[in-house]
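# Close look at the chain arrangement
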Amino acid sequence: MEPARRLPVVALVVWTFFVWTTRIRNIWTDDALTTGEQWARTALAGSFTALGVAVAIALATRAGWLRPAVMALAAWSVAVWVVRSVGIATAGHDVGFVVVHLVLAVVSAALAVLAVRAVSERPLLAGAR
């Protein structure tokens, strides 16, 4: 994969780690959550971390399963953020909290789309215009 096409995939992985892996610390320092809630939320964040690791490994090793790994991470990102965005927007949170999470959702979805396009596009044939 050419470097220009790798960039959106790398960006999705880095963003995923930034958003979801750091979320784990927030979960376990939130005294308002029960232990069960902490474990459930950690499982969700862990699923993103695991998918991000899978994509990173596939990218680094040039594995043939890079495309399905990217597709899985992208689909999971969009699906979870759609559900979370509706829940956050309608749960009575402060405006700032809602805005921050909607920005996270939009950036996640945009990176997901770009990464899918990067692994789906066929390179132009030499000399084709």
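The structure this text deals with has already been given above.
Residues numbered from 1 in each chain as written. Predicted model: local features only at pLDDT ≥ 70, side-chain atom pairs only at ≥ 80, totals over all residues. Heavy atoms only, no water.

## A look at helix H1 (residues 3-28)
So the rule is basically this: Note on conventions: DSSP H or I runs of at least 4 residues are helices, E runs of at least 2 residues are strands, and numbering of each starts at the N terminus. What a helix is expected to span follows from its residue count: subtract one and scale by 1.5 Å. Burial classes: relative accessible area under 20% of the type maximum marks a residue as buried, over 50% as exposed, and values in between as partly exposed (1.4 Å probe, protein chains only). Any two residues whose heavy atoms approach within 4.5 Å are treated as being in contact.
The end-to-end C-alpha separation of H1 is 37 Å, in line with the 38 Å expected for 26 residues at 1.5 Å each. Where H1 is concerned, the buried positions are Arg 5, Pro 8, Val 9, Leu 12, Val 13, Trp 15, Thr 16, Val 19, Trp 20 and Ile 27. Turning to H1, the residues buried within the fold contact helix H2 (35-61), helix H3 (66-89) and helix H4 (95-120).

## Some details on the layout of surface pockets
Filter applied, for reference: Using a grid of 1 Å spacing that covers the protein atoms alone, one calls a set of points a cavity when a 1.4 Å probe fits there but cannot get out, and a pocket when the set is open and has protein on both sides within 12 Å along at least five of seven lines; lining residues are those with an atom within 4 Å of a point. Grid points are joined across faces, edges and corners, and a volume is the space filled by probe spheres set on the points.
Its volume calculated, the largest pocket comes out at about 340 Å³. Together, 16 residues line the largest pocket, and Arg 23, Arg 84, Ile 88, Phe 97 and His 101 are the ones closest to its centre. Taken together, the elements giving at least two residues each to the lining of the largest pocket come down to H1, H3 and H4. It is H1 that provides the largest number of residues to the lining of the largest pocket, a total of six residues.

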